[in-house]
Each structure stands twice: as structure tokens, then as C-alpha cells.
Amino acid sequence: MHCGILDPASRPLVDPVPQWEVRAPLAGEAALEFRRNAIFSACKWDPQIGDQPILASFPLVISRSTWRFLAREAETLARETAQLESFLLSNPAVHRTLGLPRTVRRALSRGGDPSAAAFRVLRFDFHPTDEGWRVSEVNSDVPGGFVEASGVAREMLPYHSDCELPGDPVDAIVAAFQSRLAPGDTVGLVHATAYTDDREAMVVLARRLTGAGLEPVLLSPANLAWRHGHAHSVAAWRQGKLAALFRFFPAEWLPNLSARCGWHHFFRGGHTPCVNPAWSVISQSKRFPLAAAKLGRWDGAWCRRQPETCDPRHPGPGDSRQWVLKPALGRIGEDIGLEGVTPEKEMRAIRRAAFWRPGRWAAQKRFRSKPLVTDGGSMHLCLGVYVIDGHAAGIYGRISDRPLIDSTAQDIAVFVPRESSQPANSCPP
């Protein structure tokens, strides 16, 4: 097989037929009320991209059986991910295969124990396809979507009283902290403070932590000092030792900070429990399958669910239209090269970048997305299933009018019916 990876097509998936129902869009005053509440109550401060609204005015209702299936698969993938991360972390010889910057590789392989994890927050991106559910990636470093999957979805709920959330990732994070900390303990919410999307997510989390009797502190990683491996806040508004950290600052950005702030403690030598430690960038890389396969460890649910992945220098059979080019550490769908979908000018730039620096890119076998039928036409779907502290905890839904889920995709609330009802429509096999 190509690159030593088992092609998932050789092990056909036998998935239950997904059942879902697309509800009618809100209109008039109801639509305006939902938008206002999303902004002011749920902290979705910028509900559009350019002139286009980013919040779908209707929800997707999936059956409870579909949710249970996705939850089980995501939890299985989370267990496998933890095992693979541990194995790869202890094998620095394969870190280069992951396509990580040199400064990150040095931080991963320096002396000391891996930094302590309070618990893990992961999001697995599931796509319905003609061949069953495929997982395009795991967001294991700084998974987002909390505002949309929690607060925004809750603002849609009053218009669909026969539904409920399949889980709330923010509540799950708070509960995991509560189970490990004492009342009044301080949690540092470390994030890129200049970005609105990051700030709104941390404000939402801070409000829930406060309600649970903990003390959140909003911080930049530059506001930290590490003393004997323990994190202390040195911000003007709060100083002192922190009981735990929640990191919402990408691992590959950390080396851009001054060494004086001790950013390497997020990788190794950090004793303050952190969600997520920076060594989680190992599975964030789109070249994660290549590194695992190199050590003979790529099998199980991951091998069944993820499309075949190769180094762009050694593509599998077929023409280029059958392969998607992805940067190893790309996020929110940026710089993805999808023939016939990505504008040709951008596609040429992506091909050049993958040609000159192939070790920073991955080629993934293209799958055929099964679209939703909505009032606005056919839309392609991605269901980001959270696994928090080992348990499935909600869904971040996104839809797009093209088979590429990127920053222009719309956020859609995902519900399950209350026990008394089920979605009326099924996705055809």
C-alpha cells in the first residue's frame, strides 16, 4: 500500500444509515431575535464573514441512534489518539515526519517529562459520504467551536422545543475542572488575546467557570511565569500561582514568544495541569498518519475512518483530482487544495508550496461528500464531535455550498429529538 498505510477502501465501512431532518429557517422577528441573542447572550460577536451571515437560521436534527454511533466512534478514536500520541512523543526520530517547525520539534524532544495534562479536549470532524462516515482530521491542539456548539445552539433551542442538545462542550469542560479542583481554585485561560474568535470562546468559558465556583483569569502566554515547572500569573490584574491552565493558543505559535516567558513548559517540564498540553500538536498534524505508519502503528478505527494519506511526493494511483493537498498544520480549512473547488490561482500557489516544501504538506484521498438538502439548496456537512475527558460531549456543525469546509462555512446548530420523537427524514443509503 502507498506510504505503508492501509487504504480504508480495502476495509469497507458498514455504517448505519444516518437519519437527520433539516428544519425550516427562522424568518422575520424570530430570525432577528436569534441573531441578537447569539451576539449579546452567546458572545458570537461577529456573526458574519464579509457581507455573508455565518450563522445558519435553521438547525439540523439528527436521530439519537446517529448521535450514539458518532459518539462511540469518536470515543474510540480518542483512545487510539492518546495511545499514538504517547508512542510518537517517545520516538523523536519520527517528529520530522509530522511536518512540524524545527523549534517545535526541539521543544518536543528536550529533556524532562511531558507536561502534565489535566484532561484532554478533542474534536473529530466527521463527514457523511457515499462510503459511510469519514473523519478528515482530529482537532487536538486547540479545538474551537465552543461558542457555536454551546451558546449559539442554545439560543436556537427555544424555537424547537421538541429537541435538545446532544451535549454541551463548555459544560463538559467545566465539569472536568470541577472534578479535579477545589472551589475557588484559579484557572488560567491562555489565549491569543488579539483575536476576537479566541476571546469570545474564553469569555464564555470564564462565565461558566465562575458560575461553578472557580476563578478564571484571562491571560496571554506572555502573562505567565514558570517557577520550578509551575505556572504563575504575572498579569497586572491577577498575580499568583495557578491551579490549572486551559490553552487556546496554537502550539506552533508558542516559539514566536520570548524565551523569558518559558513557553517550552507547555511541551515538557510543566507541572501545572494543562488542557491541552502543547505536545498534542503531534496528532494535530495532517501528517499524523504518516508518522504512525512509519512505526507500524496505524490501524484500528483511525485506519477505517480517515481517507488514505500520503506524502505529496509519493501520491497514490489516479490523477491529481483524486487527492486533496493540506498543510500539515493548517486550520479552519485554510490553504486546502481541492481540484475543481479551490480557485485555480490559489490552487497553483498551493501546488507550488507543496512542491517546494513537501514535508510540510499531506495528500489525502478525496471522498464524495453526501450533501444535505436545505431550502437554500444542497449543502455539504461537517459534524465536529467533541470528546472531553474521554466522553463524547456535543457537536459543532458546519455547512457549506461547496465540498470544502473552511472559514466561509456556516455554523449550524445540531440537535437530537427529545425522547418522545425522532427525525422524520433519513439520508438515503
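A short tour of the structure in this document, coming up. This one's a predicted model, so the numbers in the text were calculated from it and none came from an experiment.

**Describing the overall build of the chain**
Okay, step 1: Across its full length, the chain holds 10 helices and 22 strands.
Okay, step 2: Its C-alpha atoms give the chain a radius of gyration of 21 Å, near enough to 22 Å, the size a compact globule of 429 residues would have.
Okay, step 3: Each of the three principal axes of the chain carries a C-alpha extent, and together these read 60 × 50 × 40 Å.
Okay, step 4: Looking at the 429 residues of the chain, the share that counts as buried comes to 59%.
Okay, step 5: Taken as a whole, the chain presents about 18000 Å² of accessible surface, with 51% of it coming from carbon and sulfur.

**Considerations on the nonpolar core**
Okay, step 1: Counting 70 residues, the largest nonpolar core has Leu 108, Phe 124, Phe 126, Leu 245, Phe 266, Phe 267 and Trp 302 as its most contacted members.
Okay, step 2: A total of 10 residues in this core trace back to one element, the largest contributor, which is helix H2 (residues 64–89).
Okay, step 3: Sequence-distant contacts of Leu 108, that is, excluding residues within four places in its chain, are made with Leu 89, His 95, Leu 100, Phe 267, Arg 268, Trp 279, Val 281 and Ile 282.
Okay, step 4: Counting 47 residues, the second-largest nonpolar core is a separate cluster that includes Val 142, Val 170, Leu 181 and Leu 189.

**Examining the packing of helix H5 (residues 169–178) against helix H6 (residues 196–211)**
Okay, step 1: At a minimum axis separation of 10 Å, H5 and H6 run at an interaxial angle of 50°. Put simply, H5 runs oblique to H6. You can see that H5 and H6 cross each other, and the crossing is right-handed. Contact residues: Val 170, Asp 171, Ile 173, Val 174 and Phe 177 in H5; Val 204, Leu 205, Arg 208 and Leu 209 in H6.

**Let's talk about empty space enclosed by the protein**
Okay, step 1: For the structure shown, the criterion picks out four cavities of 30 Å³ or more.
Okay, step 2: Here the largest cavity is characterised by a volume of approximately 90 Å³.
Okay, step 3: Lining the largest cavity are 15 residues, and of these Glu 148, Val 152, Asp 411, Ile 412 and Ala 413 sit closest to its centre.
Okay, step 4: Looking at the lining of the largest cavity element by element, the count peaks at five residues for helix H4 (residues 146–156).
Okay, step 5: Considering only residue class, the lining of the largest cavity consists of 12 nonpolar, one polar and two charged.

**Here's the deal with the pairing of strand E9 (residues 215–219)**
Okay, step 1: Sheet topology places strand E8 (residues 186–191) next to E9; five bridges connect them, and they run parallel. When the sheet's bridge partners are listed, Leu 189 is paired in E9 with Leu 218.

**Quick word on the packing of H4 against H6**
Okay, step 1: Running from N to C, H4 and H6 point in directions that differ by 70°, and their axes come no closer than 10 Å. Put simply, H4 runs roughly perpendicular to H6. The two elements H4 and H6 cross, and the hand of that crossing is left-handed. Residues Val 147, Glu 148, Ser 150, Gly 151 and Arg 154 of H4 lie in contact with H6, whose contacting residues are Glu 200, Ala 201, Val 204 and Arg 208.
Okay, step 2: Partitioned by chemical class, the residues of the contact of H4 with H6 number three nonpolar, two polar and four charged.

**Some remarks on the environment of Pro 343**
Okay, step 1: The topology assignment puts Pro 343 in the loop between strand E16 (323–327) and helix H10 (344–356).
Okay, step 2: Distance from Pro 343 to Leu 181, taken between C-alpha atoms, is 49 Å for residues 162 residues apart in sequence.

**Examining the sheet that holds strand E12 (residues 238–241)**
Okay, step 1: One open sheet holds the three strands; their spatial order is E10-E11-E12, and the pairing between them is antiparallel. The open sheet has two edge strands with one neighbour each: strand E10 (224–227) and E12. Strand after strand, the sheet turns through a mean of 25° between neighbouring axes, direction not considered.
Okay, step 2: Where E10 lies against strand E11 (residues 230–235), four bridges are found, and the strand directions are antiparallel. Bridging across to E11, Ala 225 finds its partner in His 232.

**Points about the side chain of Thr 186**
Okay, step 1: Mapped onto the fold, Thr 186 is located in strand E8.
Okay, step 2: Classification of Thr 186 by relative accessible area gives buried; the value is 6%.
Okay, step 3: Side-chain polar atoms of Thr 186 contact the side chain of Glu 215, separated by 3.5 Å.
Okay, step 4: Not counting residues up to four positions away in its chain, the partners in contact with Thr 186 are Glu 215, Val 217, Arg 238, Leu 242, Ala 243 and Ala 244.

Analysis parameters
Residues numbered from 1 in each chain as written. Predicted model: local features only at pLDDT ≥ 70, side-chain atom pairs only at ≥ 80, totals over all residues. Heavy atoms only, no water. Helix = DSSP H or I, 4+ residues; strand = E, 2+ residues; numbered from the N terminus. Rg over C-alpha atoms; globule rule 2.2 N^0.38 Å. Buried < 20%, exposed > 50% of the residue type's maximum accessible area, 1.4 Å probe, protein only. Areas by Shrake-Rupley, 256 points an atom, 1.4 Å probe, with all protein chains shown as cover. Core = buried A, V, L, I, M, F, W, Y, C linked by side-chain atoms within 4.5 Å. Contact = heavy atoms within 4.5 Å. Axes fitted to C-alpha atoms, helices over the stretch in contact; angles between N-to-C directions. Parallel < 35°, antiparallel > 145°, perpendicular 65-115°, else oblique. Left-handed = near helix turned anticlockwise from the far one by under 90°. 1 Å grid on protein atoms, 1.4 Å probe; cavity = no way out; pocket = protein on both sides within 12 Å on 5 of 7 lines; lining within 4 Å. Points joined across faces, edges and corners; volume = space filled by probe spheres on them. Nonpolar A, V, L, I, M, F, W, Y, C, P; charged D, E, K, R; others polar. Pairing = 2+ DSSP bridges. Polar contact = N/O pair within 3.5 Å; in protein donor to acceptor, adjacent residues only side chain to side chain.

That's the geometry; what it means functionally is another story.
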